[in-house]
2 protein chains.
Amino acid sequence: MSSRTDADSGIDLSHLLDTAYRQARLGLEEGGIPIGAALFSADGKLLGEGRNRRVQHDDPSVHGETDAFRAAGRQLDYSSTIMVTTLAPCWYCSGLIRQFGIGAVVIGENRSFQGGEDWLAELGIPVTILDDERCVTMMSEFIESKPSLWNEDIGVVGDEA
Amino acid sequence: MSSRTDADSGIDLSHLLDTAYRQARLGLEEGGIPIGAALFSADGKLLGEGRNRRVQHDDPSVHGETDAFRAAGRQLDYSSTIMVTTLAPCWYCSGLIRQFGIGAVVIGENRSFQGGEDWLAELGIPVTILDDERCVTMMSEFIESKPSLWNEDIGVVGDEA
């Protein structure tokens, strides 16, 4: 497990990732796609947590980040919030982060997938990649075991990914 | 009302917009933000329709496009689908369109708001703007009457928009 402390806030980012990871494990136990996320305030208070529910709710619109965003309820200002996710955000979730002005992004791992993380960084949003081994193992094992389901979740047609 | 027929398919795009517009009007009657959307197959068959539910469900994650996307259920290939929306898609919804490879976008109006439409067009996704007067009137009246709610929905802090 990686350990990283944000230099500005002193918050242990690995500790924040633990919440997202627990969500992902829950999703896996439910037979779902193991991606979890959590939205925190700048001081590390949990605002909302969630997980991909494509399988569980038969709902393609619920990614980890959108579920955590929903769970946090209506907020008037996201600029000091931190979105923590087990896997690099796809374009859908990157668009969410951009539109609502979420202040920072912490990514468990980006080896299994990459979406809009560079785009967000270029827009000036701090992006931290923890390269967490638990996340890498969880996701790579899942993709290997259920490639069709994974491709469905990222809009890839067929099994070519 | 604008009238426009897609040259390739012969589909009346204004007719498709009617479905999204009805959804937006429903949202307005519910006290919500009047943005509606609908996902169609290439031959004009309705796959799913929806509307912004921030107010109705107290849920910031449900934009018109994400609601229509959800209503269409799990699809394996979006490449021939058409996302029709009363208002130009925000970055969140533009990210959805990109990630899932939605084939085309039809926009009721883009005078009240612009998000990722140019970005989508640059990515090669056909974007048609109908500049529909009903949509312009509905949205401009709403923004004038409830600026704080509108700003909340697009992540703008305060009333400066």
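Residues numbered from 1 in each chain as written. Chains lettered and ligands numbered in written order. Predicted model: local features only at pLDDT ≥ 70, side-chain atom pairs only at ≥ 80, totals over all residues. Heavy atoms only, no water.

### Description of the packing of aromatic side chains
Going by this rule: Only Phe, Tyr and Trp rings take part, Trp by its six-membered ring, and two of them pair if their centres are within 6.5 Å. Stacked means planes under 30 degrees apart, edge-to-face means over 60, and tilted covers everything else. Numbering of helices and strands runs from the N terminus, with a helix taken as a DSSP run of H or I at least four residues long and a strand as a DSSP run of E at least two residues long. Note on exposure labels: buried denotes an accessible area under 20% of the residue type's maximum, exposed denotes more than 50%, and partly exposed covers the range between, all computed with a 1.4 Å probe on protein chains only. In this scheme, the term charge over a ring applies when either NZ of a lysine or CZ of an arginine sits within 6 Å of the ring centre and within 35 degrees of the ring normal.
Scanning all chains against the criterion turns up 16 aromatic pairs over all chains. For the pair Tyr78(B) and Phe100(B), a centre-to-centre distance of 5.9 Å together with 65° between the ring planes defines the contact as edge-to-face. With Tyr78(B) in the loop between α2 (64–71) and β3 (82–87) and Phe100(B) in the loop between α3 (91–99) and β4 (104–109), the pair connects residues that are 22 residues apart, well separated along the chain. Here Phe100(B) falls in the buried class, since its relative accessible area comes to 1%. Between Arg134(A) and the ring centre of Tyr21(A), over which it is positioned, the NZ or CZ distance is 4.3 Å.

### Focus: the packing of helix α5 (residues 133–145) of chain A against helix α6 (residues 147–154) of chain A
All names here are of chain A. Formally: Under this scheme, a helix contributes an axis fitted over its contacting stretch, all axes are lines through C-alpha atoms, and angles between N-to-C directions fall in the 0 to 180 degree range. Any angle between 65 and 115 degrees counts as roughly perpendicular, while under 35 counts as roughly parallel, over 145 as roughly antiparallel, and the rest as oblique. Any pair of residues with heavy atoms lying within 4.5 Å of one another is described as a contacting pair. Polarity classes work like this: nonpolar for Ala, Val, Leu, Ile, Met, Phe, Trp, Tyr, Cys and Pro, charged for Asp, Glu, Lys and Arg, and polar for all others, with Gly in that last group.
The interhelical angle for the contact between α5 and α6, taken along N-to-C directions, is 110°, at an axis separation of 5 Å. Overall, the two elements α5 and α6 adopt an arrangement that is roughly perpendicular. For the pair α5 and α6, the contacting residues are Met-139, Phe-142, Ile-143, Glu-144 and Ser-145 in the first and Pro-147, Leu-149 and Trp-150 in the second. Here the contact of α5 with α6 is composed, by residue class, of 6 nonpolar, 1 polar and 1 charged.

### Topic: the pairing of strand β1 (residues 36–40) of chain B
Residue and element names in this part refer to chain B. Selection criterion: Strands are labelled as partners when DSSP assigns at least two bridges between them.
Burial within β1 is extensive, with 5 of its 5 residues counted as buried. Neither face of β1 is open: one carries Gly-36, Ala-38 and Phe-40, the other Ala-37 and Leu-39, and all of them are buried. From the end of β1 to the start of strand β2 (residues 46–51), which pair antiparallel, there are 5 residues, and Gly-44 there has a positive phi angle of about 90°. Of the strand pairs in this sheet, β1 and β3 are connected by 4 bridges, and their pairing is antiparallel. Within β3, the position partnered with Ala-38 by the bridge is Val-84.

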